[in-house]
Every structure is written in C-alpha cells, then in structure tokens.
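Listed here are the chains, written in short residue letters.
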Amino acid sequence: TKPNQGEFYGDPVAIVEDAWAIARQNFVKPITVGNRDIYVVPRPNSGYAGGMSGQLETYNHVTIITETGTNRVVTGYPSGGTPPLPKGYDFSFGDQ
C-alpha cells in the first residue's frame, strides 16, 4: 500500500532542502530498505494530508528518500512521521 503523503505548504523544493538541512544538523539516521535510505525529518507545518480523509490535518514531518549511501534525492513529501513500509512487507510474527 502507498504511504500517506501530503501536500506542501509553500515551495516544495525549499521545504525539502530545509528538511534535509535539519536532518544533517540533527544527525537523523535513515532506515534502509533495499537500495533506498528513508529519512523521516521533524519539521513543523511542512504540509497537510491529501485526499478526503486527511483534510485539515497538518503534517509536521518530511519524508525524504535517497539512493542508499548518497545525498541523491529520489522523492520528498510531507508526512505524519511514520516511515513507509516496503512493498510486500510481511506483517506476520514468527510461525503464526
């Protein structure tokens, strides 16, 4: 399933660049999934939830996805602070 993504308040490029600076300053560690690093960066008023179910919900994080081990950005979007799960993620626990 697709992670919740929002719409930016303001200039998307400026907000992602600001979030990247915050991530670097605060030594935010990525979650690595395959060949992507996922950074979930706290940044107040980054955007709002899109779609009918998310109207008026402010997102205070920016999720930035880069190529693993680089600063090459694949995408960035306002988020609720939860990293996206990889496609095909297995939610089962042990041998249930």
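Residues numbered from 1 in each chain as written. Predicted model: local features only at pLDDT ≥ 70, side-chain atom pairs only at ≥ 80, totals over all residues. Heavy atoms only, no water.

**A short note on unusual backbone geometry**
Test applied: Runs of H or I in DSSP of at least four residues are treated as helices and runs of E of at least two as strands, each being numbered from the N terminus. The buried label goes to any residue with under 20% of its type's maximum accessible area, the exposed label to any with over 50%, and the partly exposed label to all in between, with areas taken from a 1.4 Å probe on protein chains only.
Even without glycine at this site, Phe27 takes up a positive phi of about 55°. Among the structural elements, Phe27 can be located in the loop between α1 (12–25) and β2 (31–33). Overall, Phe27 belongs to the exposed group, its relative accessible area being 65%.

**Remarks on the side chain of Thr63**
Inclusion rule: Think of a polar contact as two N or O atoms within 3.5 Å of one another; within protein, one of them needs to be a possible hydrogen donor and the other a possible acceptor, and neighboring residues in sequence only count if both atoms come from side chains.
With respect to the secondary-structure elements, Thr63 resides in strand β4 (residues 58–67). Among the polar contacts made by the side chain of Thr63, one reaches the side chain of Ser79 at a distance of 2.7 Å.

**Regarding the pairing of β4**
We count it as follows: Between any two strands, at least two bridges found by DSSP are needed for them to pair.
Relative to β4, strand β3 (residues 36–49) runs antiparallel, the two sharing 9 bridges. The residue of β4 that forms the bridge with Val40 is Thr63. Judged from the 6 bridges that link them, β4 and strand β5 (residues 73–79) form a sheet pairing that is antiparallel. Bridging from a neighbouring strand, Ile64 pairs with Gly76 of β5. Linking two consecutive strands that pair antiparallel, namely β4 and β5, is a turn of 5 residues; a positive phi of about 75° is found at Gly69 within it.

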